[in-house]
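Reading the structure
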Amino acid sequence: LEAVLGHKLHLRITRRVETTADGERLRAEAHRTLAGLRQVVDGFRRRADLARRTVTVAVTPMLAAMTLPPIIRSYAEHHPDVRIRLKDQRYVEGVERTWAAAIAMRLSVDSNPKEMAP
């Protein structure tokens, strides 16, 4: 590294090694850079963890108000580390999305030759 940088980073004295001012500067900068990188990586991990522990429920406003509160309360008591996200959805949109998902799943299964009947 010293050859690449063109600066002495350590003084090699008989029986000991001392860090030079340039070596200390490099160490401090590397420490700051790695600390910043750790923060970024930790942020990505936290977001990924949160995404894995999030359940999204799309329901009509009527169901959200009338039916879901006791269900969500019970679920939250049993799974306190899971975040529940409600999305209001009109009935027609819900039916359309459910059919689209069912068709996509069916196409996925049908496109697997091992799963297809002769």
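The structure displayed is predicted, hence computed values, not measured ones.

**Observations concerning the side chain of E2**
By the element assignment, E2 lies in helix α1 (residues 2-5). Other than its neighbours up to four places away in sequence, E2 contacts H7, K8, L9, H10 and R12.

**Considering the pairing of strand β1 (residues 10-13)**
When β1 meets strand β2 (residues 16-19), the two strands line up antiparallel, connected through four bridges. Pairing of H10 across the sheet is with T19, part of β2.

**So, the pattern of salt bridges**
Within this structure, the stated rule accounts for five salt bridges. Note that E2 and R12 form a salt bridge whose closest N and O atoms lie 3.3 Å from each other. Linking E2 in helix α1 with R12 in strand β1, this pair joins segments that are ten residues apart in sequence. A residue is classified by how much of its surface remains accessible, and E2, at 19% relative accessible area, is buried. By relative accessible area, which is 54% here, R12 ends up exposed.

**What about the side chain of T54?**
Positionally, T54 belongs in strand β3 (residues 54-59). For T54, the residues in contact, after removing those within four places along its chain, are R83 and R85.

**Observations regarding unusual backbone geometry**
Backbone phi values are negative for most residues with the exception of glycine, while trans is the configuration of most peptide bonds. Although it is not a glycine, R15 sits at a positive phi angle of roughly 70 degrees. Considering the arrangement of structural elements, one finds R15 in the loop between β1 and β2.

**Quick notes on a nonpolar patch on the surface**
A grouping of L1, V4, L5 and L26 is seen on the molecular surface, where their side chains present a nonpolar patch of about 400 Å² in accessible area. Along the polypeptide, L1 turns up in the segment before α1.

**A word on the environment of Y75**
Relative to the helices and strands, Y75 is located in helix α4 (residues 68-78). When sequence neighbours within four positions are dropped, the list of residues in contact with Y75 reads V55, V82 and I84.

**Notes on the confidence of the model for the protein chain**
Looking at the protein chain as a whole, its pLDDT mean stands at 80, while 75% of the residues score no less than 70. The least confident element of the protein chain is helix α5 (residues 91-110), whose mean pLDDT is 60; the most confident is β2, at 92.

**Overview of the environment of A64**
Here A64 lies in helix α3 (residues 61-66). For A64, a relative accessible area of 18% gives the class buried. As for A64 and L86, which are separated by 22 residues in sequence, their C-alpha atoms are 7.8 Å apart. Ignoring sequence-local partners within four residues, the contact set of A64 consists of V59, P69 and D88.

Quick notes on the rules
Residues numbered from 1 in each chain as written. Predicted model: local features only at pLDDT ≥ 70, side-chain atom pairs only at ≥ 80, totals over all residues. Heavy atoms only, no water. Helix = DSSP H or I, 4+ residues; strand = E, 2+ residues; numbered from the N terminus. Contact = heavy atoms within 4.5 Å. Pairing = 2+ DSSP bridges. Salt bridge = Lys/Arg side-chain N within 4 Å of Asp/Glu carboxyl O. Buried < 20%, exposed > 50% of the residue type's maximum accessible area, 1.4 Å probe, protein only. Patch = residues over 30% accessible without salt bridge, like charges linked within 9 Å, V, L, I, M, F, W, Y side chains within 5 Å. Areas by Shrake-Rupley, 256 points an atom, 1.4 Å probe, with all protein chains shown as cover. pLDDT = per-residue confidence, 0-100.

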